[in-house]
Amino acid sequence: ERGEGGEAINRCCYRTDPLLDEWRPCGLVPPAAEDRERWFDEGASGLADALRRTKGGNAMTLIRQDFDASYRVANRLAELLRSRLPDHHVYAEEGPGLRASCSE
């Protein structure tokens, strides 16, 4: 998905139990590192709290990334999560099958 200026729009969603929960939106993931850190520090629309509550548990995140994006926001977000939540296992995956699961 592209914004009005042609920039990639990267949506985020999460669920705390991969087998039971519905995906919950966590907003738009900013492409710039400083903005992404502020977004996460401000709660990332519930993602930060969900990850802290599931410390080492079943939380999953899904990042929708435009495949033409020149930056790898899923990997950048995974790096941010690893730095902020070192006791969590974080994986960054992308693929066409994931897109349908995450919407706002």
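Quick note: structure is the one above.
What you are looking at is a predicted structure, and each value in this text was computed from that prediction instead of being measured. (Residues numbered from 1 in each chain as written. Predicted model: local features only at pLDDT ≥ 70, side-chain atom pairs only at ≥ 80, totals over all residues. Heavy atoms only, no water.)

1. A look at the packing of helix 1 (residues 33-41) against helix 3 (residues 73-84)
Two elements in contact, helix 1 and helix 3, have axes separated by 11 Å at closest approach and are oriented at 55°. Here helix 3 runs oblique to helix 1, going by the angle between their axes. Of the two possible hands of crossing, helix 1 and helix 3 adopt the one that is right-handed. Contacts from Arg 36, Glu 37, Trp 39, Phe 40 and Asp 41 of helix 1 reach helix 3 at Val 73, Arg 76, Leu 77, Leu 80, Leu 81 and Arg 84. Partitioned by chemical class, the residues of the contact of helix 1 with helix 3 number 6 nonpolar, no polar and 5 charged. (Axes fitted to C-alpha atoms, helices over the stretch in contact; angles between N-to-C directions. Helix = DSSP H or I, 4+ residues; strand = E, 2+ residues; numbered from the N terminus. Parallel < 35°, antiparallel > 145°, perpendicular 65-115°, else oblique. Left-handed = near helix turned anticlockwise from the far one by under 90°. Contact = heavy atoms within 4.5 Å. Nonpolar A, V, L, I, M, F, W, Y, C, P; charged D, E, K, R; others polar.)

2. Description of the state of the cysteines
Counted according to the given criterion, the structure contains 1 disulfide. A sulfur-sulfur distance of 1.9 Å marks the disulfide that ties Cys 12 to Cys 26. Handedness here is read from the sign of the S-S torsion; for Cys 12 and Cys 26, about -75°, the answer is left-handed. Of this pair, Cys 12 sits in strand 1 (residues 11-15) while Cys 26 sits in strand 2 (residues 24-28), placing them 14 residues apart in sequence. As far as the burial class goes, Cys 12 and Cys 26 line up, both buried. (Disulfide = S-S within 2.5 Å. Buried < 20%, exposed > 50% of the residue type's maximum accessible area, 1.4 Å probe, protein only.)

3. Section: unusual backbone geometry
We note that Ala 44 has phi near 50°; this positive angle belongs to a residue other than glycine. Relative to the helices and strands, Ala 44 is located in the loop between helix 1 and helix 2 (47-53). Phi at Ser 45 takes a positive value of approximately 55°, unusual for a residue other than glycine. Among the residues examined, Ser 45 registers a relative accessible area of 48% and is labelled partly exposed.

4. Brief notes about the nonpolar core
Of all hydrophobic cores here, the largest spans 18 residues; its most connected members are Trp 39, Phe 40, Leu 47 and Leu 81. By residue number, the principal contributor to this core is helix 3, which donates 5 residues. (Core = buried A, V, L, I, M, F, W, Y, C linked by side-chain atoms within 4.5 Å.)

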